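# A look at the structure
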Amino acid sequence: MSFMPLFLQEAPAAVDATQAGGGSLTMLLPLLLIVLIMYFFMIRPQNKKQKELDKMLAALKKGDKVVTIGGIHGTISSVKEKTVVVKVDDNCKLEFNRTAIATVVVDKPQTAAEPKAEKKFSLFGKKKSDQETVAAAVKADENTDK
C-alpha cells in the first residue's frame, strides 16, 4: 500500500476565520494555565528558598556551628571571601566553599532545667489536672457512701 496518495490529496475546505481564531484561543488558555500553576507551585518556592540560602551564607561568621552538604559537623574558625575554614576536631581544620555549607546549627538554650507546668484550658474554663480530678472523684465517692 502506498502512502503517497494520502499526501497528494487536497486539504479539506478551509474553515471560516471566526472558528479558527476561537480555536487557537481555547488551545492557548490551558497552556497558559499550566505555566501559571508551574510558576506558583515550583518556580516561586524555589526562588524563595534560594534567597534564604544566600542570606544564610552571607551571614556566616566565626564561631557558628555548621553542617556541610556532606554531613560534616564543625565550627567556623575563619571566614574568607569565597571559602570558610571549619574546625572539625582539636587539630583538624577543613576549608570549604561557602556553598558547601548546608545549615547553621542553632543550639537551644539550656537555662530551663525543669519544664514549666503547662496551663491547660478548655472551652469551659481552666482544665483540672489529673490529681485534682482523682481527688474530686474520691471526695464524691466519700460523700455518696455516707
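Residues numbered from 1 in each chain as written. Predicted model: local features only at pLDDT ≥ 70, side-chain atom pairs only at ≥ 80, totals over all residues. Heavy atoms only, no water.

## Details of the overall build of the protein
Inclusion rule: Working definition: helices are DSSP H or I runs of at least four residues, strands are E runs of at least two. Numbering for both runs from the N terminus. Burial classes follow relative accessibility: with a 1.4 Å probe on protein chains only, a residue under 20% of its type's maximum area counts as buried, one over 50% as exposed, and anything between as partly exposed. By definition in these notes, contact holds between two residues if any of their heavy atoms fall within 4.5 Å. We get accessible surface area from the Shrake-Rupley algorithm with a probe of 1.4 Å; when it comes to residues, only the shown protein chains can shield them.
Within the protein, the regular secondary structure consists of 3 helices and 7 strands. Order of helices (α) and strands (β) in the protein, N terminus to C terminus: α-α-β-β-β-β-β-β-β-α. Scored against the burial criterion, the 146 residues of the protein give a buried share of 12%. Once local pairs closer than 6 in sequence are excluded, the contacts in the protein between residues at least 24 apart make up 35%. Only carbon and sulfur atoms are counted for the fraction: they give 62% of the accessible area of the protein, which is about 13400 Å².

## Concerning the sheet that holds strand E5 (residues 101–105)
Heads up, the condition is: Strands were regarded as paired on the criterion that DSSP finds at least two bridges between them. Axis angles are defined between N-to-C directions and span 0 to 180 degrees, where every axis is a line fitted to C-alpha atoms and, for a helix, only to the segment in contact.
Strand order in the open sheet formed by 5 strands is E4-E3-E2-E1-E5, and the pairing between neighbours is antiparallel. What marks the edges here is a single partner per strand, and that holds for strand E4 (92–97) and E5. On average, adjacent strands in this sheet sit at an angle of 45 degrees to one another, irrespective of strand direction. Relative to strand E3 (residues 83–89), strand E2 (residues 73–79) runs antiparallel, the two sharing 4 bridges. When the sheet's bridge partners are listed, threonine 75 is paired in E3 with lysine 87.

## Some remarks on the nonpolar core
Considering soluble globular proteins, one finds that nonpolar side chains tend to be buried as a cluster. Operational definition: Put simply, buried Ala, Val, Leu, Ile, Met, Phe, Trp, Tyr and Cys residues joined by side-chain atoms within 4.5 Å make one nonpolar core.
The biggest cluster of nonpolar side chains holds 10 residues, and these are Met56, Leu57, Leu60, Val66, Ile76, Val84, Val86, Phe96, Ala100 and Ile101. Of all the secondary-structure elements, those providing two or more residues to this core are helix H2 (17–58) and E3. The contact partners of leucine 60, leaving out residues within four places of it in the chain, are Val66, Ile76, Val79, Val84, Arg98, Ile101 and Val104.

## Some details on the pairing of E2
Strand residues, when the strand is regular, have side chains that alternate between the two faces of the sheet. The pairing of strand E1 (residues 65–68) with E2 spans 3 bridges and is antiparallel. Bridge assignment links lysine 65 to a residue of E2, and that residue is threonine 75. Where E1 hands over to E2, the hairpin turn is made up of 4 residues, of which glycine 71 adopts a positive phi near 95 degrees.

## Comments concerning a nonpolar patch on the surface
How we decide: Residues form patches when they are more than 30% accessible in relative terms and have no salt bridge. Like charges link within 9 Å. Nonpolar side chains (Val, Leu, Ile, Met, Phe, Trp, Tyr) link within 5 Å. Think of a salt bridge as a Lys or Arg side-chain nitrogen and an Asp or Glu carboxyl oxygen that are within 4 Å of each other.
Taken together, Leu33, Ile34, Leu36, Ile37, Met38, Tyr39, Phe40, Phe41, Met42 and Ile43 make up a surface patch of nonpolar side chains, about 1000 Å² in accessible area. You can see leucine 33 is positioned in helix H2.

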